[in-house]
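# Structure assessment
Read off the chains here:
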Amino acid sequence: MAFDFYQIGALRDFPSRVRVEQENITIRDCLKYLGERYHRDLEAELLDEQGQLQAGYLLLLDGRSIGSEKGLEAVIPDNGVLLLTVLIAGG
């Protein structure tokens, strides 16, 4: 089982697409896995003191905000797509 992780403008010096070969992995565990794989502490970069996604970031699982699902504890399905990006506001 595998899924794709994409990031758009959220992480410097990090691949924009990674194929992840993991089974029954939560979004939180995916961040740990990617951090270990690329020698980065993604949890420290992306999560707040309560362990939730910091303001200014958006995580979509198969096109839906993780906030509308189980959050970081949602299991990523086979052939799923996890997208990390930054929120941009302006006038």
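What comes next concerns the included structure. All figures in this text were calculated on a predicted structure; none of them were measured in a lab.

Definitions and cut-offs
- Numbering of residues begins from 1 in every chain and follows the order in which that chain's sequence is written.
- Given that the model is predicted, a residue must reach a pLDDT of at least 70 before its local features are reported, and side-chain atom pairs must reach 80 or more before they are shown or counted; all residues, however, enter totals for whole chains, interfaces and linings.
- Side-chain numbers come from the whole structure's heavy atoms, not from hydrogens or water.
- By nonpolar core we mean a set of buried residues, namely Ala, Val, Leu, Ile, Met, Phe, Trp, Tyr and Cys, connected to one another through side-chain atoms within 4.5 Å.
- Relative accessibility under 20% of the residue-type maximum defines a buried residue, over 50% an exposed one, and the middle range a partly exposed one, all with a 1.4 Å probe and only protein chains included.
- The helix count covers DSSP runs of H or I at least four residues long, the strand count covers runs of E at least two residues long, and both are numbered beginning at the N terminus.
- Two residues qualify as a contact provided that any one of their heavy atoms is within 4.5 Å of a heavy atom in the partner residue.
- Polar contacts here mean pairs of N or O atoms no more than 3.5 Å apart (in protein, one a potential hydrogen donor and the other a potential acceptor; neighbouring residues in sequence count only if both atoms are side-chain atoms).
- Two strands make a pair as long as DSSP finds a minimum of two bridges between them.

Time to look at the nonpolar core. One finds Ile27 and Leu46 to be the most contacted residues of the largest nonpolar core, which totals 25 residues. Those elements that place two or more of their residues in this core are β1 (3-8), β2 (17-20), α1 (27-37), α2 (42-46), β3 (57-61) and β5 (81-86). Broken down by element, this core gets its largest block of residues, 4 residues, from α1. Here isoleucine 27 is in contact with Leu59, Leu61, Ile66, Gly71, Leu72, Ala74, Ile76 and Leu82, once residues within four sequence places are set aside.

In this structure, aspartate 4 sits in strand β1. Note on aspartate 4: relative accessible area 10%, which makes it buried. Within the structure, aspartate 4 has its side chain in polar contact with the side chain of arginine 17 (distance 2.8 Å). A distance of 3.2 Å separates the side chain of aspartate 4 from the side chain of arginine 19, its partner in a polar contact.

For the rest of this paragraph, the subject is the pairing of β5. Examined bridge by bridge, β1 and β5 share 5 bridges and lie parallel to one another. The residue bridging glutamine 7 from the neighbouring strand is leucine 84, located in β5. Relative to β5, β3 runs antiparallel, the two sharing 5 bridges. Residue pairing in the sheet places leucine 59 in a bridge with leucine 84 of β5.

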